[in-house]
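# Structure at a glance
Listed here are the chains, written in short residue letters.
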Amino acid sequence: SQKATPSFARGLNLYKLFWVFFICCFLGVIVETIWCLLKHHTIESRAGVIYGPFNPVYGFGAVAMTLVLERLKTRRDSWIFVGGMAIGGVFEWFCSFFQEAAFGTVSWEYSGTLFSLAGGRTNLVYMLFWGILCLLWVKILFPLLSSYIEKIPNRFGVALSWVLAVLLILDMGISCLAVDRQSERRSGETAQNRLDHFLDRAYPDEYLEKVYPNMMAVSSQE
């Protein structure tokens, strides 16, 4: 009998990690949109990029969970749970710090809430949710997702991976430029070149406020 060709995404290679990133970018937005609908009875954009229902924060979070917790999958559930709490807290802190440093904005702020930590960048209650999520991820979700990813035909999977990666990079790039230009407008900087003029026309404040309804200028909180 003919020997089966190994999957292009076997193990934890870059293709597997990319598909984890891509799928969770999408699923994270869907889950948070549903949560917002149930909690606030409204539908708001939870995307992290301008084009498409994707949020790289969820993708990077899933990759971090996979890489770190893969080493703990044979340990007791309590190890995975505590490790997940730590990953979630550190990850939220880093994303908040990076966003504030790069763009002068934050997308979540827990100051004044019960069990707020790290200057409002994370929260113990949400860290508990991270612990539960990571336990489910290691035991159920990642093995299931991994098996489906490895069923993608090799040549098609490789080609599609590169196409999606390029599109996501372009999407994240233009999104970063648009938000950075918005930060410049907020500080009173006028357009200096053709790119600035394009960004002002294509992505004005009113447009970005619809894409990122929870994004807050740090100066407005002071």
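Look up a bit, the structure's there.
The paragraphs below set out a description of the structure included in this document.

Rules used throughout
- All chains use their own residue numbering, which begins from 1 and follows the written sequence.
- Since the coordinates come from a predicted model, pLDDT governs what is reported: local features require at least 70, and pairs of side-chain atoms require 80 or more to be given and counted, while whole-chain, interface and lining totals use all residues.
- The basis for every side-chain value is the complete set of non-hydrogen atoms in the structure, without hydrogens or water.
- Elements are defined by DSSP. Helices are runs of H or I of four residues or more, strands are runs of E of two residues or more, and each kind is numbered from the N terminus.
- The buried label applies to any residue whose accessible area, calculated with a 1.4 Å probe on protein chains only, is under 20% of its type's maximum; exposed applies above 50%, and partly exposed to all values in between.
- Charge assignment in this entry is limited to Lys and Arg as positive and Asp and Glu as negative, and neither His nor the chain termini are counted.
- Just so you know, the charge point we use is NZ for Lys, CZ for Arg, CG for Asp and CD for Glu.
- Helix span, as expected, comes to 1.5 Å for every residue beyond the first.
- Any two residues whose heavy atoms approach within 4.5 Å at even a single point are treated as in contact.

Moving on, we get to the overall build of the protein chain. Looking only at helices and strands, the protein chain has seven helices and four strands in total. Reading the protein chain from its N end, one meets helices and strands in the order α-α-α-β-β-β-α-α-α-α-β. With respect to the principal axes defined by its C-alpha atoms, the protein chain has extents near 70 × 45 × 30 Å. Taking all 222 residues of the protein chain together, 38% fall into the buried category. For the protein chain, the centre of its 19 positive side-chain charges and the centre of its 18 negative side-chain charges are spaced 14 Å apart.

With that out of the way, let us pick up helix α5 (residues 154-186). The first and last C-alpha atoms of α5 sit 47 Å apart over 33 residues, in line with the 48 Å expected at 1.5 Å per residue. Of the positions making up α5, those classed as buried are Gly157, Ser161, Leu164, Ala165, Leu168, Asp171, Ile174, Ser175, Ala178, Val179, Arg181 and Gln182. Contacts made by the buried residues of α5 are with α1 (14-40), α3 (77-103), α6 (194-202) and α7 (205-211). With its phi angle positive at about 90°, Gly188 sits one or two positions after the end of α5.

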